[in-house]
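These are the residues of each chain, in order.
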Amino acid sequence: MAIFDFPLDKLATYMGTNPCPIDFDVFWKDSLEEMRLIEPNIECIPAQFQTPFAECFDLYFTGVRNARLHAKLLRPKNQREKGPALLQFHGYNGNAGDWSDKLNYVAAGFTVVALDCRGQGVSEDTGGVKGITSPGLFIRGIDDVPKNMIMRHIMLDTAQIADILMGFDFVKSNQLCVYGASQGGALALACAALEPRVAKVCAMYPFLSDYQRVWEMDLAKDAYYEITHYFRNCDPEHSREKEIFTQLGYIDIKNMAKWIKGEVLMATALQDRICPPSTQFAVYNRIQSKKNHILYPDYQHEWIPQIADRFYQFMLQWS
């Protein structure tokens, strides 16, 4: 196996490089209190897409900063008892995806919700930050106070939609699973950290972790290009380097991992040069709940054969 990151023995103990702000815990406690004060004004509108065994809805709710957010909701038709639920998060600059690719879980009795992340898909981003807003979302608000960072709002949206989903009278609140890959994997982990009632987490090569490590590896390209773009255009001498990475620490999922209570199944491709393995191990090694890590020595940041089947079987198993 070609090695470009730390060797496996070091990966197994690596805890991360990017700093964690000293007020990190208070910051997220206050953020969650802000979120809980919001009246979500939930709407469920029957979708044009329907099937013989699933009811499909466009779900809308109001999140922090008064943004109106959209998700796709599918549930078993003629459901008589409460059942498990799956909350899906998509990749960076993607969307909630097609209705049909969620039907395998509905067929197994799950209610499925797929969120269009704020500023992605058709969900609203109300903006209002100082400083640079290009070229992506996690850099927005980096020159503002931490509570105005757009990725902070997106992470709060994941906790809010989880709370909404668990509040439906057809969902077992103790059987909520969250799933995603890349940005979606990061948001699944963030959701489980901010909403500890999440029972199961499936995260494939999660993004949004250990930003400074990515930059030091000279891999602040592709998904992490925003870091390079920022320094080149806003701080070419790196006079604010420590400050910038500390600010990014507020939205670093490795710093949130300690709060996860649900069971975690995580997948890492060891040739991943978009979300380097060390940044993913920094998250996994901080998770204190029951967990399992699947490693793929020959794969990069790409679809991995049979992983969907592993996740499916994992989410169908309830003790």
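Please refer to the structure placed before this passage.
This structure is a prediction, so every number in the text was calculated from the model and none was measured. (Residues numbered from 1 in each chain as written. Predicted model: local features only at pLDDT ≥ 70, side-chain atom pairs only at ≥ 80, totals over all residues. Heavy atoms only, no water.)

**Quick word on the nonpolar core**
So, point 1. Counting 82 residues, the largest nonpolar core has L87, F138, M151 and M155 as the members making the most contacts within it.
So, point 2. Per-element tally for this core: the top contributor is helix α4 (residues 150-167), with 11 residues.
So, point 3. Not counting residues within four places of it along the chain, the set of residues in contact with L87 comprises V113, T158, I161, A162, L165, L176, C177, V178, Y179 and C191.
So, point 4. One finds A47, A54, A181 and M315 within the second-largest nonpolar core, a separate group that totals 27 residues. (Core = buried A, V, L, I, M, F, W, Y, C linked by side-chain atoms within 4.5 Å. Buried < 20%, exposed > 50% of the residue type's maximum accessible area, 1.4 Å probe, protein only. Helix = DSSP H or I, 4+ residues; strand = E, 2+ residues; numbered from the N terminus. Contact = heavy atoms within 4.5 Å.)

**Looking at the state of the cysteines**
So, point 1. Under the definition given, this model contains zero disulfides.
So, point 2. No disulfide involves C44; its nearest neighbouring cysteine sulfur is the one of C56, lying 12 Å away.
So, point 3. Cysteine C275 remains unbridged, with the sulfur of C117 as its closest cysteine sulfur at 14 Å. (Disulfide = S-S within 2.5 Å.)

**A short note on the pattern of salt bridges**
Oppositely charged side chains may form a pair once their charged atoms are brought near each other.
So, point 1. What the rule picks out here adds up to 17 salt bridges.
So, point 2. Here E34 ties to R65 by a salt bridge, and the two come within 3.5 Å at their closest N and O atoms. In this pair, E34 sits in helix α2 (residues 24-36) while R65 sits in the loop between β2 (54-62) and β3 (68-76), placing the two residues 31 residues apart along the sequence.
So, point 3. Looking at E34, the relative accessible area reads 25%, which means it is partly exposed.
So, point 4. For R240, the salt bridge is made with D143, and the minimal N-O distance between the two is 3.0 Å. On the criterion of sequence distance, the pair formed by R240 in the loop between α7 (225-234) and α8 (241-248) and D143 in the loop between β5 (111-116) and α4 is long-range, its members being 97 residues apart.
So, point 5. Of the residues examined, R240 reaches a relative accessible area of 24% and is grouped as partly exposed.
So, point 6. Several salt bridges converge on common partners, so that one network encompasses E34, R65 and R152. (Salt bridge = Lys/Arg side-chain N within 4 Å of Asp/Glu carboxyl O.)

**Thoughts on the packing of α2 against α4**
So, point 1. At a minimum axis separation of 10 Å, α2 and α4 run at an interaxial angle of 60°. Compared by their axis directions, α2 and α4 come out oblique. When the axes of α2 and α4 are compared, the crossing they make is right-handed. Note on element contacts: α4 touches α2 through R152, M155, L156, A159 and Q160, opposite F27, W28, S31, L32, E34 and M35.
So, point 2. Per-class residue counts for the contact of α2 with α4 are seven nonpolar, two polar and two charged. (Axes fitted to C-alpha atoms, helices over the stretch in contact; angles between N-to-C directions. Parallel < 35°, antiparallel > 145°, perpendicular 65-115°, else oblique. Left-handed = near helix turned anticlockwise from the far one by under 90°. Nonpolar A, V, L, I, M, F, W, Y, C, P; charged D, E, K, R; others polar.)

**With respect to the sheet that holds strand β7 (residues 200-204)**
So, point 1. Ordered in space as β1-β2-β3-β5-β4-β6-β7-β8-β9, the nine strands form an open sheet in which the pairing is mixed. Looking at the sheet topology across the chains shown, the edges are occupied by β1 (43-46) and β9 (291-296). Pairs of neighbouring strands in the sheet enclose a mean axial angle of 20°, with direction left out of account.
So, point 2. Across nine bridges, the pairing between β2 and β3 is antiparallel. Along β3, the bridge assignment pairs C56 with L74.
So, point 3. In this fold α4 packs onto β2, β3, β4 (83-89), β5 and β6 (171-181), with an angle of close to 160° to the strand it touches most, β4.
So, point 4. Across the sheet, helix α11 (residues 307-316) lies against β4, β6, β7, β8 (263-269) and β9, angled at about 170° from β7, the strand it touches most. (Pairing = 2+ DSSP bridges.)

**Some words on the side chain of R75**
So, point 1. With respect to the element layout, R75 can be found in strand β3.
So, point 2. Contact partners of R75, with chain neighbours within four places excluded, come to F53, A54, E55, F57, V106, F110, T111 and F170.

**A look at the environment of N285**
So, point 1. Residue placement: N285 occurs in the loop between α10 (277-284) and β9.
So, point 2. When the C-alpha atoms of N285 and L165 are compared, they prove to be 29 Å apart, with 120 residues separating the residues in sequence.
So, point 3. With near-sequence residues (within four places) excluded, N285 lies in contact with L11, A12, T13, Y14, M15 and K291.
So, point 4. At a separation of 2.9 Å, a polar atom in the side chain of N285 contacts the main-chain carbonyl oxygen of L11. (Polar contact = N/O pair within 3.5 Å; in protein donor to acceptor, adjacent residues only side chain to side chain.)

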